[in-house]
Amino acid sequence: MTQVQQSPPPERTERLAFRVSSEELELIDQKAKTVGLTRSEYLRACAINAKIKPRPIPQPMPELNIKIFTQLGRIGGLLNQAMKAVNSGFVQNIPSSYLEELRELLIEIRSRLSCQG
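Calculation notes
- Residues numbered from 1 in each chain as written.
- Predicted model: local features only at pLDDT ≥ 70, side-chain atom pairs only at ≥ 80, totals over all residues.
- Heavy atoms only, no water.
- pLDDT = per-residue confidence, 0-100.
- Helix = DSSP H or I, 4+ residues; strand = E, 2+ residues; numbered from the N terminus.
- Phe/Tyr/Trp six-rings, centres within 6.5 Å; stacked < 30°, edge-to-face > 60°.
- Lys NZ or Arg CZ within 6 Å of the ring centre and 35° of its normal.
- Salt bridge = Lys/Arg side-chain N within 4 Å of Asp/Glu carboxyl O.
- Buried < 20%, exposed > 50% of the residue type's maximum accessible area, 1.4 Å probe, protein only.

Here the focus is the confidence of the model for the chain. Chain-level pLDDT for the chain is 85 on average; 94% of the residues reach the 70-or-more range. The secondary-structure element of the chain with the lowest mean pLDDT is helix α4 (residues 96–115), recorded at 81, while helix α1 (residues 22–34) shows the highest, at 96.

Next up on the list: the packing of aromatic side chains. As enumerated under the stated definition, the model contains zero aromatic pairs in all. One cation-aromatic arrangement involves Arg110 over Phe69; the distance from NZ or CZ to the ring centre is 3.9 Å.

Applying the stated criterion across every chain yields a total of three salt bridges. The shortest N-O distance in the salt bridge between Asp29 and Arg39 comes to 2.7 Å. In this pair, Asp29 sits in helix α1 while Arg39 sits in helix α2 (residues 39–49), placing the two residues 10 residues apart along the sequence. Its salt-bridge partner being Glu100, residue Arg103 comes within 2.7 Å of it at the nearest N-O pair. Taken together, the residues Arg103 and Glu100, both in helix α4 and three residues apart, mark about one turn of the helix. Looking at Glu100, the relative accessible area reads 24%, which means it is partly exposed.

Okay, here's the thing in structure tokens:
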């Protein structure tokens, strides 16, 4: 009967260090024990074999969106001044609900501009 020789394990000379909470450490140790591995073996297997879904890379905002975003910020500042004038009684012919609705629309538009790539 021929004996198959196993190759020696790779020489591990590099060291990784990272912090975990005591609860995380306990969970890691439990999972390693469940599958019959040491903590190092378990973490190595997880790091090398795990299927990781990559995080989406944020796209830069187009130049036109940046310019519009900036202008809408200025308009929002003027709108806040108008709301302050209405709320203080200095201006009486503009309903504050109208200004509040405009402010909400500006926030929504700026939000949509910042999310587009």
